[in-house]
Amino acid sequence: QRKIPRIRLEKKYIRKDHSIIYAAVHASLVDSPSGEPMFSVALIEDITERKRIEKRLEKLGHLKEKLIITGPLSEKAKRITDGVVDIFETDFSRLWIIKPGDMCTSGCYHATVKKVLHLCKYRDKCLHLISSSGRYSHVVNGKHSRVPFGCYKIGRVASGEIPGFVSNDISKDDRIHNQEWAQNLGLTSFAGFRLISTSGEPIGVLATFGKKPFTPEEEALLQTIAGSASHVIQTAVNEEELHNYKDHLEELIEERTTALQKSEERLKFALEGANDAMWDYYNLKNILYLSPRWFTMLGYPPNAFPHTYETWANLLHPHDKPGALENLKRVIRKNEDSYRAEFRMKTASGSWRWILSRGKSVEWNEKGIICRIVGTHTDITDRKQSDEQLKILVSDLERANKELEDFAYIVSHDLKAPLRGISSLANWLYEDFSSKLDESGQDYLEKLLIRTKR
């Protein structure tokens, strides 16, 4: 009927060996010289490989989406190894991270090996198996739960001796030390990739065994997954370090708070036991009496200098002197009936001690002029130091919280920015070229837009 001059369809076909292939069917109508339809021509294109790649990329996209979801490292590691086995149809896959050895003295097989080639040398660097999928799903039992850094193929990949390699004939590859085991299982290929932190340090290894060779395209995709695994591990390590740092700060603050409370209790006990220095100031005669405790508190010999207001004032720290004297004058001028000030006083050794001074007017003459003020001097240097340390700890905690907020913001920004770019490009493609694409191409663009928006 000439409604459609040519068509393109994607279909499934069953081959003689009962396997299924995908094909794109291109059909066109051929007219006679007079313009009448004579026959049609069809071209069948095998697109099985393209469909397989599309399906693999789709699964890879789903895997990356799952890795973004918040969760413990063990769950994300399992998603990675499950994804490798599913996407590449390998026999099994494993993921190790580098941590200090924890089984060196409790029955680890590798700690007892005497062979020079596989001698466990670095007890502070050990590959811990955190996820295994496929044929082998256990992570605790067996020799592979721990692998020495620098030994065997996995340890050599981690150390950088073999930064990463893909072998499609492991039965003849000298780097594979257990070739007979691989042959018995029918394994043909091995891929191992070194996982690197943002600072360039090794943090783990991702490896997989398969029964068919890896193509260059598959090697590239595996390298992409290894990069995602590095990011997941690095993020988990950073989060754990931040969490531990916050816990440490909170413990220090609690310790300092308890110490401060005990210091205050000791201060109260000292006051009750009359261990504070007493002072008695006769304002009209400018005579200041200081108890012996005042001299010992500052390290001076008893009666080291005259008991006068000027002598006392000269020992005040220059920065604290104006405020301390002004507080005392307020009582003398009757602006206030009591006096309280904190200031530093010079000791006999030349250092400074923090003093809490308190006083109250107790005597007036017949004209109502205050002539006597009594009070105490208390050494609060320890408490002041505790306060300063507490401020530092609180500041550290606030900084840690700010770093955590900044980290969350950066992660959010780094995820959103490329997605916005992808969405914009997809929109431009859809707006400018959708008419030139067939129904399948338009469908792919619509799916891309929906997924980037989600």
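Let us look at the structure shown here. Counting from 1, residues in each chain are numbered in the order their sequence is written. Only residues with pLDDT of 70 or above have their local features reported here, since the model is predicted, and side-chain atom pairs are shown and tallied only from 80 upward, although totals for entire chains, interfaces and linings are computed over all residues. Computation of side-chain values covers all heavy atoms of the structure but excludes hydrogens and water.

## Re a nonpolar patch on the surface
And then number 1: Like charges are joined within 9 Å and nonpolar side chains (Val, Leu, Ile, Met, Phe, Trp, Tyr) within 5 Å, but only among residues with over 30% relative accessible area and no salt bridge; these make up the patches. All accessible-area figures derive from a Shrake-Rupley calculation using a 1.4 Å probe, and residue coverage is judged against the displayed protein chains alone. A pairing counts as a salt bridge when a side-chain nitrogen of Lys or Arg comes within 4 Å of a carboxyl oxygen of Asp or Glu. A surface patch of nonpolar side chains, amounting to about 290 Å² of accessible area, comprises M38, F39 and V41.
And then number 2: For M38, the position within the fold is in strand β3 (residues 37-46). By the criteria applied, helices consist of DSSP H or I runs no shorter than four residues and strands consist of E runs no shorter than two, each listed in order from the N terminus.

## Some words on the packing of aromatic side chains
And then number 1: Two aromatic rings, drawn from Phe, Tyr or Trp (for Trp, its six-membered ring), form a pair once their centres lie within 6.5 Å of each other, and the interplanar angle then sorts them: stacked below 30 degrees, edge-to-face above 60, tilted otherwise. Across all of its chains, the model carries nine aromatic pairs by this definition.
And then number 2: Aromatic side chains F92 and Y136 sit 5.0 Å apart centroid to centroid with 80° between the ring planes, which places their arrangement in the edge-to-face category. Placement of F92 in strand β4 (residues 92-99) and of Y136 in the loop between β5 (126-134) and β6 (146-148) is noted, with a sequence separation of 44 residues between them.
And then number 3: Arranged with centres 5.4 Å apart and planes meeting at 90°, the rings of W181 and F209 form a pair that is edge-to-face. Here W181, found in helix α4 (residues 179-184), pairs with F209, found in strand β9 (residues 202-210); they are 28 residues apart in sequence, far enough to count as distant.

## Re the pattern of salt bridges
And then number 1: Tallying each qualifying case throughout the model produces 21 salt bridges.
And then number 2: The salt bridge partner of R383 is E342, with a shortest N-O separation of 3.0 Å. Here R383, found in helix α9 (residues 381-433), pairs with E342, found in strand β12 (residues 338-346); they are 41 residues apart in sequence, far enough to count as distant.
And then number 3: Judged by relative accessible area, which is 18%, R383 ranks as buried.
And then number 4: Accessible area is worked out with a 1.4 Å probe on protein chains only. A residue is then buried under 20% of its type maximum, exposed over 50%, and partly exposed in between. Relative accessible area serves as the criterion here: at 27%, E342 is assigned to the partly exposed category.
And then number 5: Several salt bridges share partner residues, and in doing so they unite R340, E342, R383, K384 and D387 into one network.

## What about α9?
And then number 1: Expected span of a helix, by definition, is 1.5 Å for each gap between consecutive residues, and there is one gap fewer than residues. The terminal C-alpha atoms of α9 lie 77 Å apart, and with 53 residues this matches the ideal 78 Å at 1.5 Å per residue to within 8%.
And then number 2: Along α9, the residues that are buried comprise T381, R383, S386, L393, D396, L397, A400, S423 and A426.

## Observations concerning the layout of surface pockets
And then number 1: Definitions used for this entry: grid spacing 1 Å over protein atoms alone; cavity, a set of points where a 1.4 Å probe fits but cannot get out; pocket, an open set with protein on both sides within 12 Å along at least 5 of 7 lines; lining residue, one with an atom within 4 Å of a point. Grid points are joined across faces, edges and corners, and a volume is the space filled by probe spheres set on the points. Considering only enclosed or pocket space, the largest pocket measures out at about 1,800 Å³ in volume.
And then number 2: Lining of the largest pocket is provided by 48 residues; of these, G61, K64, E65, I68 and L419 occupy positions nearest its centre.
And then number 3: Broken down by element, the residue count for the lining of the largest pocket peaks at twelve residues, all from α9.

## Focus: helix α10 (residues 439-453)
And then number 1: The terminal C-alpha atoms of α10, which comprises 15 residues, lie 21 Å apart, in line with the 21 Å expected from a rise of 1.5 Å per residue.
And then number 2: Listing the buried residues of α10 in full gives G441, L445, L449 and T452. The buried side chains of α10 occupy one side of the element, clustering within an arc of 80° when seen end-on. For α10, the exposed residues set more than 90 degrees away from the buried face come down to E439 and I450.
And then number 3: In this description, contact between two residues means that some pair of their heavy atoms is separated by no more than 4.5 Å. Contact partners of the buried residues in α10: α9. Our arc is simply the arc of the directions from the helix axis toward the C-beta atoms.

## Describing the environment of D382
And then number 1: Relative to the helices and strands, D382 resides in helix α9.
And then number 2: Assessed through its relative accessible area of 49%, D382 is described here as partly exposed.
And then number 3: In the structure, D382 is positioned 344 residues away from M38 in sequence and 106 Å away in space, judged by C-alpha atoms.

Function cannot be inferred from these measures alone, as they are strictly geometric.
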